[in-house]
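Report on the structure
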Amino acid sequence: MATTSTVRKVTYIKINKIDEYGNDNTLSLQELTSLRIVFSDLGIVNFPIATITEYPTYYLYSTNEILPNNATSSIDNNVLDYRFSASLSSTSLPFGSLWSGSGLVSSIDARSYFNSTEGNYLFGDTPNIPIQFTASFTFVSSMNGNIGLYDFSSNNYIEILSAAFTNTTYTISASFYPTENSTYGLLIENEDVVGSVTINNIQWKFTQSIAPSSSTNITVLEPYLTKNFEYSDCNVLLNNATNLEYDPNFYKVNYDTGLLVPTNQQQILNRTAEFAPVKPYNYSLNAQVLPRYVGTRYSSDGVNNPSTTNVKLILAYDNINYGTFTNKNTAPVKNLKTALAYIDWWGGWPPEKMDASGAHIKYIIDENGETITPNVTNYSLYANQGTFISNETVSVTNTNQITPTSATRNIFRGATRIEPILYNQLRHYEDGPMTFTGSIRFTDNNPNSSAVIQDFTAEIQPSGSSRKIESSIFSGIFLDEIIDQGANIGTALDNVNRYTITQALIDEISINSITLTATINVITYEPNPPGIYLYAVLYKNESGNSTQITSGNDSVFLPYNTTKTFTFSKTIPRADWVVGQEYGISLRTNYLSNSTYYWGSGVSVPTSLIVSTTPVASPPISTSNLFISSSNANSSSFLFITNSIVTQYYRSSQFIQQVDLSGSLFNSISSNFKFKNGDEFRFEGDESKVFMIKKVNENAYYYPSPSVSQSAVEIELNRQISGLGINISEFLVRRYVDDASMILLDGFQPENSTGPYILKPEFTTTQLNNNINTYIENLTEKGLL
């Protein structure tokens, strides 16, 4: 008897838009090409998607996947176990080399994805949950370079820390979504020019946001989108038009209840109906081409007139040349602009740029009278850039009749504003003598701080000229006179002037340790016995319990009538800080020959407790020689920063920026202290001394002589700067930033004029030939003014 075969076929799959954790997966669900589902008996089964139907709360997918006869159709409903850890006791890395996991040994590898030979981790599937990773590295010696988790499949860092590493432990961590067949691993880059580095106790582990075997939807979505599809790599229409274009002349006709009389007939007659999504040029003589393609760039002795000489016609669109030809007696034409700008204010831009001004666009108005609000409408940036092009001319009109209607200005840059990044200029020639400050400061983005590293230093001394030591057991010196203290020390000193760890100190993330330095100045007065032993220690007081934290100076013998000064210190790392801990000095004395104690010796000024921090509080940075130019012919177009504090700031992953100079008239600095390609240096406040940044290498070296090197930030400029006699200690670094609401112009607004203004490109379509009052009236009727 023949066995009957049962075909098990999956026809539809239903997936909710909102999962059990409240996550909205619409972005991925609406673009799926396949689903992969884990079956207990089959493993992973791939379901190609034929059609997608959207419902209010879920998506329904059709598929035609046939399952094997032995399938039970049992779908696993648990989170897989991705836990993993590996370690390496020590590795040595020569200068200029990489370490990518060699020698790592795993202790946990739940999915068996770790490659022990290569020291990396290959995901055999794509989790739909985030994976957290943590890695730590203990540096035995210093190194300039990078550490991080690396995606070897795409050659990109998942997380990176770039620094001048010192003898301490560094930890990095992040959350990411790994993908199937992608390889991940730790990477260390030693970028030092000389010397190798030793790294001990390398630890690496993966954890997951949801415990293994938890109930959840583990269906794998392909493609799995975590951002809007419109801007993803999956969108084949990216940069193409995706929205309907509505005709300004034809109305949409609705026949909802019959074929004879439209339901919106009265709105059509009243000219209030919705416009039809029909391109207007479909009903023109040039229906086969877009109007913006009609026209050429030209080189001629006349515009729109026959030329008396050969004319060079350049077929172009959006400044891209497609070919040229020459012809005589041809009337060359200029491609026409289809928009203008309504300007609500217009102001000068010095000192960021001399002899320049910025016009603020309230509305961009097209030839159909439609308005675009800059930085609100999503394509306003492109509308501004395409209308106001560098080195072209705009005409200026306003309601003030004193202004000639033929006023014109040259466009410096459309859709752009200027931001200062770094400067020391205080004045410019238009508001007084030009001056430059000799120092600048930096700050972080902590709103409670005006410095990168806050000042928590302190120096405390006992009051009076001396104080007797009158105890045979350890006792604190009463340091009751504060000689000096840091600006941000707050309540760090208690009533006996022990130094206290406060929440403010812990919140200062940049400080990695404090150092307590005790300076003891002792005088012996008693002639008999012939001398004493002095013991001195630093101690920690926590919750009323005192603990000695230094070994003391147990062998200090002081003869009669002796003055002795000695110093010892203790560094407290950040990891040991606890709010409320107090630190101070304790002393005791005893007799040389037996256990009898003698009093009368004392502690005198300048005995003190000094508390310092590492790194030190942010100092003023001298602008003299902040930038160095090289006389070497091969680096004549380079500038170097060798100041160790400034290079530390530049390489920091923390947000750091220059503090605004009071009274400078520059706009406030809002950008991180990082130079970008295209930023400009201007020296001496002179626009003829402007240099563009081509490239920055933050981990470079400067060679003042062939045998001497200094760690440096290297800045390559677009042309030679050394040997030109330019004072590079008088500087501005500025950046041009995209801004759909601005136009940068050469010169200023017309003299004696007041806004508003209309800025119109030199060659426009005839629909834009209205006067300013017409535009003001139209905007007012629309409720926009």
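Look above for the structure.
I will try to describe carefully the structure that is included in this document. What you are looking at is a predicted structure, and each value in this text was computed from that prediction instead of being measured. (Residues numbered from 1 in each chain as written. Predicted model: local features only at pLDDT ≥ 70, side-chain atom pairs only at ≥ 80, totals over all residues. Heavy atoms only, no water.)

1. A few points about the overall build of the chain
Looking only at helices and strands, the chain features 6 helices and 49 strands. Expressed as a percentage of its 785 residues, the buried residues of the chain come to 43%. Partitioning the intrachain contacts of the chain with sequence separation of at least 6 by distance along the chain shows that 70% fall at a separation of at least 24. Of the roughly 39,800 Å² of accessible surface on the chain, a fraction of 48% belongs to carbon and sulfur atoms. (Helix = DSSP H or I, 4+ residues; strand = E, 2+ residues; numbered from the N terminus. Buried < 20%, exposed > 50% of the residue type's maximum accessible area, 1.4 Å probe, protein only. Contact = heavy atoms within 4.5 Å. Areas by Shrake-Rupley, 256 points an atom, 1.4 Å probe, with all protein chains shown as cover.)

2. A few points about helix α5 (residues 644-651)
Residues of α5 that are buried include every one of Val646, Thr647, Tyr649, Tyr650 and Arg651, and no others. Near the N-terminus of α5, the side chain that reaches the backbone nitrogen of Ile645, with its oxygen 3.0 Å away, is that of Asn643. (Polar contact = N/O pair within 3.5 Å; in protein donor to acceptor, adjacent residues only side chain to side chain.)

3. Observations concerning the layout of surface pockets
Each pocket or cavity is described by its volume, and for the second largest pocket that value is around 1,300 Å³. Lining the second largest pocket are 41 residues, and of these Ala163, Tyr170, Ser510, Asn512 and Pro615 sit closest to its centre. Those elements that place two or more of their residues in the lining of the second largest pocket are β12 (143-151), β13 (156-165), β14 (169-176) and α5. Here the residues of the lining of the second largest pocket are counted per class, giving 21 nonpolar, 17 polar and 3 charged. (1 Å grid on protein atoms, 1.4 Å probe; cavity = no way out; pocket = protein on both sides within 12 Å on 5 of 7 lines; lining within 4 Å. Points joined across faces, edges and corners; volume = space filled by probe spheres on them. Nonpolar A, V, L, I, M, F, W, Y, C, P; charged D, E, K, R; others polar.)

4. Things to note about the environment of Ile188
On the secondary structure map, Ile188 appears in strand β15 (residues 183-190). In this structure Ile188 comes out as buried when scored by relative accessible area, which is 0%. A C-alpha to C-alpha distance of 9.8 Å links Ile188 and Leu161, two positions 27 residues apart in sequence.

5. Regarding the pattern of salt bridges
Pairs can form between side chains of opposite charge once their charged atoms are near each other. Tallied over the full model, the rule gives 15 salt bridges. One salt bridge in this structure joins Glu687 and Arg734, with 3.0 Å as the shortest N-O distance. Of this pair, Glu687 sits in the loop between β45 (680-683) and β46 (690-705) while Arg734 sits in strand β48 (residues 731-746); the two residues are 47 residues apart in sequence, bridging distant segments of the chain. Under the relative-accessibility criterion, Arg734 is labelled buried at 1%. What emerges from the salt-bridge pattern is a single network uniting Lys353, Glu680, Arg682, Glu687 and Arg734. (Salt bridge = Lys/Arg side-chain N within 4 Å of Asp/Glu carboxyl O.)

6. Thoughts on a nonpolar patch on the surface
The grouping of Val253, Tyr255 and Leu259 at the surface amounts to a nonpolar patch, some 340 Å² of accessible area in total. Looking at the element boundaries, Leu259 is found in the loop between β17 (220-222) and α2 (265-269). (Patch = residues over 30% accessible without salt bridge, like charges linked within 9 Å, V, L, I, M, F, W, Y side chains within 5 Å.)

7. Considering unusual backbone geometry
That bond from Pro350 to Pro351 is cis: its omega, 5°, falls within 30 degrees of zero. When you line up the elements, Pro351 lands in the loop between β21 (339-348) and β22 (356-366). With an omega of 5°, the peptide bond between Gly755 and Pro756 qualifies as cis. Looking at the secondary structure, you find Pro756 in the loop between β48 and β49 (757-761). Phi is positive for Asp355, which is not a glycine, with a value near 55°. Relative to the helices and strands, Asp355 resides in the loop between β21 and β22. On the basis of relative accessible area, Asp355 is assigned to the partly exposed category, the value being 43%.

8. Examining the nonpolar core
Counting residues in each nonpolar core, the largest one holds 69 residues, and the members touching the most others are Tyr499, Ile520, Phe627, Phe675, Phe681 and Ile715. For this core, the leading source of residues is strand β33 (residues 513-523), giving 5 residues. Excluding anything up to four places from it in sequence, Ile715 contacts Phe627, Ser637, Phe638, Leu639, Ile641, Phe675, Phe681, Ile693, Lys695 and Val696. Residues Ile129, Ile131, Ile172 and Ile210 belong to the second largest nonpolar core, which totals 37 residues. (Core = buried A, V, L, I, M, F, W, Y, C linked by side-chain atoms within 4.5 Å.)

9. Re the side chain of Ser630
For Ser630, the location among the structural elements is in the loop between β42 (628-629) and β43 (638-641). In this structure the side chain of Ser630 is engaged in a polar contact, spanning 3.1 Å, whose partner is the backbone nitrogen of Asn632. What Ser630 contacts, discounting residues up to four positions off in sequence, is Ser635, Ser636, Phe638, Phe640, Tyr702 and Ser722.

10. Quick word on empty space enclosed by the protein
Inspection of the entire model under this criterion finds 2 cavities of 30 Å³ or more. Its boundaries defined by the atoms lining it, the second largest cavity holds a volume of some 30 Å³. The element that contributes the greatest number of residues to the lining of the second largest cavity is β46, accounting for 3 residues. Looking at the lining of the second largest cavity residue by residue, the classes come out as 2 nonpolar, 3 polar and 3 charged.

11. A closer look at the side chain of Asn541
Note on placement: Asn541 falls in strand β34 (residues 531-542). Polar side-chain contacts of Asn541 include one of 3.3 Å to the side chain of Ser546. Of note is the side chain of Asn541, whose polar atom sits 2.7 Å from the side chain of Glu582. In this structure, Asn541 is in contact with Arg498, Ser546, Gly580, Gln581 and Glu582, ignoring residues within four places of it in sequence.

12. Notes on the environment of Val616
Residue placement: Val616 occurs in the loop between β40 (608-614) and β41 (621-622). On the basis of relative accessibility, which here comes to 51%, the residue Val616 falls in the exposed class. Between the C-alpha atoms of Val616 and Gln454, which are 162 residues apart in sequence, the distance is 8.5 Å.

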